[in-house]
Amino acid sequence: MLTDFLLLMKQELLLVAIIFILVFIKLGSKERSNESLLNAINILLLINLIAGIFNSQTGTLFGDMFNTNQLFIFEKNILNFGVLIISLQSYDWLKKHKHLIEFYLLLLSALLGMFLMLSSNNLLMFYLALELSTIPIAALCNFDLEKRKSSEAAFKMIISSAFSSGLLLLGISFFYGTTGTLNFAEIPATLNGNALQIFSFVLLIAGFGFKISAVPFHLWTADVYEGSPISVTSFLSVISKGAVVFVLVSVLYKVFEPLSEYWYTILFLLSLLTMIIGNLFALRQQNMKRFLAFSSIAQVGFILIGISGQSLEGTASVVFFILIYILSNLAAFGVINLVSSKCDKESIGDYKGFYKSNPQLTWVLTIALFSLAGIPPTAGFFGKFFLLMAGAAKNNYLLITVAALNMVIALYYYLRVIKAMFMDANENPIEKIKIPFQPKLAMIICVAGIIILGIYSNCYQYIFSLIK
Amino acid sequence: MGVTAILFWILSSLALLSAIMIVVSKNPVHSVLWLILVFFAISGHYLLLNAQFLAIVNIIVYAGAIMVLFLYVLMLIDLKKIVDPQRSLWIKLVGVATGCCLLLVLIAALSKADQTTALTQTIGGNIGLVENLGKILFSEYLVPFEISSILFLSAMVGAVVIGKK
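As the structure is a prediction and not an experimental result, all values here were calculated from the model. Numbers given for residues are sequential positions, taken from 1 along each chain in its written order. The naming scheme follows written order: chains are lettered A onward, ligands numbered 1 onward. Where totals are concerned, whole chains, interfaces and linings use all residues; where local detail is concerned, this predicted model gives features only for residues with pLDDT of at least 70, and gives and counts side-chain atom pairs only at 80 or more. Calculation of side-chain values draws on the structure's entire complement of heavy atoms; hydrogens and water are dropped beforehand.

1. Notes on the interface of chain A and chain B
Two residues qualify as a contact provided that any one of their heavy atoms is within 4.5 Å of a heavy atom in the partner residue. In this assembly, 36 residues from chain A lie in contact with 26 residues from chain B. We count a salt bridge whenever a side-chain nitrogen from Lys or Arg sits within 4 Å of a carboxyl oxygen from Asp or Glu. At the boundary of chain A and chain B, one finds 0 salt bridges. Pairing of N or O atoms within 3.5 Å defines a polar contact, subject to two protein rules: one partner must be a possible hydrogen donor and the other a possible acceptor, and residues neighboring in sequence count only if both atoms are side-chain atoms. The interface formed by chain A and chain B includes 0 residue pairs in polar contact (both at pLDDT 80 or more). Going through the elements one at a time, helix H6 (100-119), helix H7 (123-140), helix H8 (148-179) and helix H10 (195-212) of chain A are the ones with two or more residues in the side of chain A that touches chain B. Top element by residues in the side of chain A that touches chain B is H7 of chain A. It accounts for 8 residues. For the side of chain A that touches chain B, the per-class residue count stands at 22 nonpolar, 11 polar and 3 charged. Here a helix means four or more residues in a row that DSSP labels H or I, a strand means two or more in a row labelled E, and each is numbered from the N terminus. Think of it as three bins: nonpolar holds Ala, Val, Leu, Ile, Met, Phe, Trp, Tyr, Cys and Pro, charged holds Asp, Glu, Lys and Arg, and polar takes everything else, Gly as well.

Spelled out as structure tokens, the structure:
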């Protein structure tokens, strides 16, 4: 019994252990330098990642409240990996920050919330875990303590997430009224598609839509991404989005399977709107962070196409895409993070002539943007390809055509940044940046991942084998 | 019509009336006072459902603690300086239209809903009594209970960091 508990909840328990170690370090009286703390935390996160990979078992705990399977474990490992990369990248920023331990405390609590959300088997547990994964992030948005914009971002984040949680909770309570159960295993049998169930289901989707910032629930995204510190922005745009997408897939496919004709229509409309509006707004952005915010909205549109496929390929392609998306977006954010922390420049115009002073960083950013745009040798192409393949299984060619057109628009604005870096002249370019070891390591891992996943195809088959 | 039904109608109309008054009244302090009345009416509903614990907690937490917070905020900001933002006629019209749509959808959905499962759960149930609630909270719902402790820890840490600057 105890070994079951320890093994099944291994990843969650490790995170809780790290959180408590951090609390005790904070409460202790000994003064430690930020560098040594950061190195220790990075090693702990590495141990956490490695321990998650080995000896994974499947089963349920606590009377069906918590369940885990190979796919969930793999998804949690992806999230662990992303957090480790973000932690390495923020080394330079955190070195000078006075609330270093609190940063990790909040970051890891949010990650714990995501793990529990993935494993939850009950609507109540799911709701609590979702709250646990958003409230700490709202506080994290405020971590550029002296900047006004950062406070504004935190405020917008907490208001919009409270509003979306309210919608979600209203949906859950109506749902409980009509089904009489909160357990995921019992819900499908009680779904009969009556009006109140569909209405509450729409509310649930709206709650999800806020978290993954699908249009028309995206209005908070750009402001929050722009105001938050870059490490938090990258966490928001890849980790928290990825986690909610994972949950959305498993909830839609397993729990709301009887309502699939309704949610196919919803996903169809949402993905059309999300792709088109995300791309059109990304065209006119001048700030790098806002630009990546809208590009990440557009990527969500593609993910929704994959989910709408409603098949094993749908799940596999979404998980595969999120993995690639984490690698490419984090590579891009890594470069922007360095530039911002060294010379405080964030607009696309500042990146003119970037190649002359920093060729290595330019190549990293270029490969990342190519992968986000979906250009063949990089992994991004295969990610998008599998998503569209999964979506095409429904024979809805309008959706696929619009998606293909949107990829062309997206290519234009990604290339605009690349052109600025390589070709445009600039009187006062960004000076030569010395890359510290940790961010360099993170960038090497990301770029290597983008290229290897583009050439070596076994990863997709591995994910596919986990589902069956 | 039994006593319960009469009480239900009185409480419901009281709750609706005060909810409308919150939105309509110009003075924020009056809005807060009407809000307290809403909370009391809803607590009365909980009592009718035999959920005594929930009724008391609702009064202590919402009518007590949260209302005091509201009043503090109102006390700290200068109400005279803040002018009521004049919204354009279009925005008002759109607001009314969407609100009416939501009302329509809700009424239509509720009128067709199959409520049998929900009715069996609440009528004559003793689930809301403190003893039963405690038992279920520490057996079936133990994990969510423990998760909420981490949620509060992280919320506290976040609040302290934002407050300390």
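2. Side note on helix H1 (residues 3-24) of chain B
An α-helical turn contains 3.6 residues, so a residue and the one three or four places further along point in the same direction. Helix span, as expected, comes to 1.5 Å for every residue beyond the first. For H1 of chain B, spanning 22 residues, the distance from its first C-alpha to its last is 31 Å, which sits close to the expected 32 Å at 1.5 Å a residue. Those residues of H1 of chain B hidden inside the fold are in contact with helix H2 (28-48) of chain B.

3. Re the pattern of salt bridges
All names here are of chain A. Counted under the stated rule, the structure contains 13 salt bridges over all chains. Between Asp 92 and Lys 342 there is a salt bridge, with its nearest N and O atoms 3.2 Å apart. You can see Asp 92 sitting in helix H5 (residues 91-94) and its partner Lys 342 sitting in helix H15 (residues 312-343), a full 250 residues away along the chain. The exposure class of Asp 92 is buried, given its relative accessible area of 5%. Burial classes follow relative accessibility: with a 1.4 Å probe on protein chains only, a residue under 20% of its type's maximum area counts as buried, one over 50% as exposed, and anything between as partly exposed.

4. Some remarks on the packing of helix H2 (residues 10-27) of chain A against H6 of chain A
Residue and element names in this part refer to chain A. Interhelical geometry of H2 versus H6 gives an angle of 160 degrees and a closest axis separation of 10 Å. Considering the angle they form, H2 stands roughly antiparallel to H6. The two elements H2 and H6 cross, and the hand of that crossing is left-handed. Note on element contacts: H6 touches H2 through Ile 101, Glu 102, Tyr 104, Leu 105, Leu 108, Ser 109, Leu 111, Leu 112, Phe 115, Leu 116 and Ser 119, opposite Gln 11, Glu 12, Leu 15, Val 16, Ile 18, Ile 19, Leu 22, Val 23, Ile 25 and Lys 26. Of the residues that constitute the contact of H2 with H6, the class distribution is 15 nonpolar, 3 polar and 3 charged. For helices, the axis comes from a line fit to the C-alpha atoms of the stretch in contact; other axes are also lines fit to C-alpha atoms, and the angle between any two N-to-C directions lies between 0 and 180 degrees. Note on angle classes: values under 35 degrees are labelled roughly parallel, values over 145 roughly antiparallel, values of 65 to 115 roughly perpendicular, and the remainder oblique. Take the far helix as your reference; a near helix turned counterclockwise from it by less than a right angle gives a left-handed crossing, and one turned clockwise gives a right-handed crossing.

5. Quick word on the nonpolar core
Within the largest apolar cluster, 194 residues are counted, with the highest numbers of intra-cluster contacts made by Tyr 104, Ile 239, Phe 256 and Ile 307 of chain A. A total of 20 residues in this core trace back to one element, the largest contributor, which is H15 of chain A. In this view, Ile 239 of chain A contacts Leu 79, Gly 82, Val 83, Ile 86, Leu 111, Met 114, Ser 234 and Ile 326 of chain A; residues no more than four positions away in its chain are not counted. Residues belong to a common nonpolar core when they are buried Ala, Val, Leu, Ile, Met, Phe, Trp, Tyr or Cys residues joined through side-chain atoms within 4.5 Å. In this structure, Ile 36, Phe 39, Ala 63 and Met 67 of chain B belong to the second largest nonpolar core, which totals 6 residues.

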